[in-house]
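Listed below are the residues making up each chain.
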Amino acid sequence: MKFHEQYPGHLDNEHPQHLCREAHLNTERICRRLGNSSDVSVRSLLLDWASVQRECVIQLIFLDGMVNNQVLEESFIPAIQSAPPPPEGHSLPDYFSNQILSAGQVRTAGELSGAVKDVLSGCVLVLIDGCEEALALAIQGYEKKSIDETKTETVIRGPQEGFTDDLRTNITMIRRKMKDERLRIVTRSVGQVTQTDISILYVEGLADQQVLNRISEMFDEIGLKTVLEGEFIEEYLQSNKYTVFPTVLNTERPDSITAGLAEGRVAIIVDGTPFVMIVPSLFLDFIQSAEDSYQPYLFSSLIRILRLTAVIISIFAPGLYIAITTFHQDLLPTRLLLSIMFQREGVPFPAFVEATLMEITFEIIREAGIRMPRNIGQAVSIVGTLIVGQAAVDAGIVSAGMVIVVAITGISSFVIPAYNMSIPIRLIRFLFMGAAASFGIYGITVGFVILTVHICSLESAGVPYMRPYAPYLKSEQADGVFRSPYWSSSRNKRTRNGA
């Protein structure tokens, strides 16, 4: 028998989505909405208030494994069972939430869908007979990863803690570092099936309202069934959907997010992943590291220049080698040219095919090292690169000079702090190799102009991607390629304030 046939008077009313006054009917409806799953637990409590000659039936609904059973059994259930009769004129929901269940977070639910979502979120739903509102007790107790060091953004000096997979824990870590009363947190559910909680964090008065409006419009456009990680919504945040360059920065460091919020940016936390997104994100953000803020400014500036140099090497080195050895041999000193010619004397392939084979081999070895178990992946990468490179040279398939160029190029790509920036750099490298093999240095020059125009045309949440250099903003040069000392920034601030 279907439920609406068994209880027609309660389901065929004007508000079928509202909770009714009978606790056992609400329990039945919620259990049926959950498919009568085996992990749905129901506890019935009978309160006999003899002094007022009244009985009260209370039913608790929760998912086994999602709540803290110790707190439930030792705190909340005894508090409910020993509750005295409510004073005259007090409603039962207000009485229980304010005086009996005051410990922890307690909220009310009047809609059936809201009550079901509270149960799925790990709350204990309290249904009181005779009341059309339920109470949701937030006493989640499921297992979650503890706070640990970051895996992808290690630093020598600075905070060592990283985000976890739990949304509330991540918000708490940011709250600990930013005690500004203007910090605002807005949480929404995304995903028709997963109903994943996503929190948007910003500092009121610092964040650009246009950026907030863009993010709000983006969330309204999302129609995905599942949202399991930030990438599911990151593609919606991309201003240019067809660029290979990332315009959303991912980080697992609370200090980086706190610094971004203080600069007026917006952080987006997805429940279930330790990587937090921050927008707008500029090109220099992917080159900078959190450790730059914890080292002397001269050292940080030199390291940033070194990273930019590594980016240039990673993009252009193989292409320049192909162009010079194929079209522009006169640019090399005589001795170096003779050395390269002797090395390539027995190589059967042109420089472009030689470089392509070595680059693809290097990428395969690197990917294999990432996917293999951690305790042997690094060893396989190092040993595989050495053996394959030496064997290829001994077999006369590639020249020793090409192995050196590919090795330097691959190592340079590891210098880039953001992994999602190193991926497009590796892809663009092959385009410049093709341009160099076809037109020499002229092809590289044209490709460089096209790449520069493309990067300068990008935006991140409406902000120019190459800011503060395109357009050039003198006021924002304190933390660009060069990091100014903190005492200089404080002195400038005092000067502007008339001190």
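Right, let's walk through the structure included here. (Residues numbered from 1 in each chain as written. Predicted model: local features only at pLDDT ≥ 70, side-chain atom pairs only at ≥ 80, totals over all residues. Heavy atoms only, no water.)

### Things to note about the overall build of the protein chain
- Looking only at helices and strands, one finds 19 helices and twelve strands in the protein chain.
- Counting only residues that meet the buried cut, the protein chain has 42% of its 499 residues in that class.
- Long-range contacts, defined as pairs at least 24 residues apart, comprise 64% of the intrachain contacts of the protein chain with a sequence gap of at least 6.
- When the accessible area of the protein chain is evaluated, it comes to approximately 26,500 Å², of which 57% is carbon and sulfur surface. (Helix = DSSP H or I, 4+ residues; strand = E, 2+ residues; numbered from the N terminus. Buried < 20%, exposed > 50% of the residue type's maximum accessible area, 1.4 Å probe, protein only. Contact = heavy atoms within 4.5 Å. Areas by Shrake-Rupley, 256 points an atom, 1.4 Å probe, with all protein chains shown as cover.)

### So, the packing of helix H3 (residues 23-33) against helix H6 (residues 112-120)
- At a minimum axis separation of 10 Å, H3 and H6 run at an interaxial angle of 65°. At the point where H3 passes H6, the crossing takes the right-handed sense. Of H6, the residues touching H3 (which contributes Arg-29, Ile-30 and Arg-33) are Leu-112, Ser-113, Ala-115 and Val-116.
- Within the contact of H3 with H6, the residues separate by chemical class into four nonpolar, one polar and two charged. (Axes fitted to C-alpha atoms, helices over the stretch in contact; angles between N-to-C directions. Left-handed = near helix turned anticlockwise from the far one by under 90°. Nonpolar A, V, L, I, M, F, W, Y, C, P; charged D, E, K, R; others polar.)

### Topic: helix H4 (residues 69-81)
- Taken residue by residue, H4 has Leu-72, Phe-76, Ile-77 and Ile-80 as its buried positions.
- Here the buried face of H4 lies against strand S1 (40-49), strand S2 (54-63), helix H5 (92-100), strand S4 (124-128) and strand S5 (134-138).

### Details of the environment of Thr-194
- Tracing the sequence through the fold places Thr-194 in the loop between strand S6 (183-190) and strand S7 (196-203).
- Setting aside its immediate chain neighbours within four residues, Thr-194 contacts Lys-225, Thr-226, Val-227 and Leu-228.
- A distance of 3.0 Å separates the side chain of Thr-194 from the side chain of Thr-196, its partner in a polar contact. (Polar contact = N/O pair within 3.5 Å; in protein donor to acceptor, adjacent residues only side chain to side chain.)

### Considerations on a nonpolar patch on the surface
- On the surface, a nonpolar cluster with roughly 440 Å² of combined accessible area is contributed by Val-244, Ile-370, Tyr-419, Ile-423 and Leu-427.
- If you tally residues by element for the nonpolar patch, the top one is helix H17 (residues 419-439), at three residues.
- With respect to the helices and strands, Leu-427 occurs in helix H17. (Patch = residues over 30% accessible without salt bridge, like charges linked within 9 Å, V, L, I, M, F, W, Y side chains within 5 Å. Salt bridge = Lys/Arg side-chain N within 4 Å of Asp/Glu carboxyl O.)

### Overview of the side chain of Gln-288
- Take Gln-288: it is sitting in the loop between helix H11 (283-287) and helix H12 (297-326).
- A relative accessible area of 17% means that Gln-288 is categorised as buried.
- Here the side chain of Gln-288 touches Asp-479 through a polar contact of 3.3 Å, landing on its backbone oxygen.
- Those residues within four positions of Gln-288 in sequence are excluded, and the remaining contacts are Arg-304, Arg-307, Pro-417, Asp-479 and Gly-480.

### Description of the pattern of salt bridges
- Scanning the entire structure with this criterion turns up 18 salt bridges.
- Across the pair Arg-43 and Glu-73 runs a salt bridge, and its minimum N-O distance is 2.8 Å. One end of the pair, Arg-43, is in strand S1; the other, Glu-73, is in helix H4, and 30 residues separate them in sequence.
- A residue is classified by how much of its surface remains accessible, and Arg-43, at 28% relative accessible area, is partly exposed.
- Residues Arg-304 and Asp-479 are paired through a salt bridge, measuring 2.9 Å at the closest nitrogen-oxygen approach. Of this pair, Arg-304 sits in helix H12 while Asp-479 sits in the loop between strand S12 (463-464) and helix H19 (486-496), and the two are 175 residues apart along the sequence.

### Notes on the sheet that holds strand S10 (residues 276-279)
- The sheet built from five strands is open, its strands ordered S6-S7-S9-S10-S8 with antiparallel pairing. Each having just a single partner strand, S6 and strand S8 (249-251) make up the two edges of the open sheet. The mean inter-strand angle of the sheet, taken between neighbouring strand axes irrespective of direction, is 25°.
- Sheet topology places strand S9 (residues 266-270) next to S10; three bridges connect them, and they run antiparallel. Opposite Ala-267, over in S10, you have Ile-278 as the bridge partner.
- Strands in contact with helix H8 (residues 209-221) are S6, S7, S9 and S10; relative to S9, the strand with the most contacts, it is inclined by about 25°. (Pairing = 2+ DSSP bridges.)

### Remarks on the sheet that holds strand S3 (residues 105-109)
- With antiparallel pairing, five strands are arranged side by side in an open sheet as S1-S2-S4-S5-S3. Of all the strands in the sheet, just S1 and S3 have a single pairing partner and so form its edges. Between one strand axis and the next, the sheet turns through 25° on average, direction left out of account.
- The pairing of S4 with S5 spans four bridges and is classified as antiparallel. In the sheet register, Val-124 faces S5, and the bridge partner there is Leu-137.
- Running over the sheet, H4 touches S1, S2, S4 and S5 and is turned about 25° from S1.

### Quick notes on H12
- With 30 residues, H12 ought to run about 44 Å at 1.5 Å a step, and its terminal C-alpha atoms sit 43 Å apart, in line with that.
- At Phe-316, H12 shows its largest bend, some 45°, and a proline, Pro-318, comes one to four positions later. (Expected span 1.5 Å × (residues − 1). Bend = angle between axes of the 7 residues up to and from the residue.)

### Observations concerning the environment of Leu-458
- The topology assignment puts Leu-458 in the loop between helix H18 (441-457) and strand S11 (459-460).
- Along the backbone, Leu-458 and Asn-240 are 218 residues apart, and their C-alpha atoms lie at a distance of 6.8 Å.
- Leu-458 has contacts with Asn-240, Thr-243, Phe-245, Val-463, Pro-464 and Tyr-465, leaving out every residue within four places of it along the chain.

### Regarding unusual backbone geometry
- Here the amide bond leading from Arg-467 into Pro-468 is cis, since omega sits at 10°, within 30 degrees of zero.
- Along the chain, Ala-470 connects to Pro-471 via a cis peptide bond; the corresponding omega equals 5°.
- Mapped onto the elements, Pro-471 comes out in the loop between S12 and H19.
- Backbone geometry at Ala-461 places phi at a positive 55°, although glycine is not the residue there.

### Let's talk about the packing of aromatic side chains
- One pass over the full model with this rule turns up four aromatic pairs.
- With 6.1 Å between their ring centres and 70° between their planes, Phe-283 and Tyr-465 make a pair best called edge-to-face. Here Phe-283 is found in helix H11, whereas its partner Tyr-465 is found in the loop between S12 and H19, with 182 residues between them in sequence.
- According to the relative accessible area criterion, Phe-283 is buried, its value standing at 11%.
- When the ring of Phe-286 is compared with that of Tyr-465, the centres are 6.4 Å apart and the planes differ by 55°; the resulting orientation is tilted. Highlighted residues: Phe-286 in helix H11 and Tyr-465 in the loop between S12 and H19, separated in sequence by 179 residues. In terms of burial, Phe-286 and Tyr-465 fall into one category: buried. (Phe/Tyr/Trp six-rings, centres within 6.5 Å; stacked < 30°, edge-to-face > 60°.)

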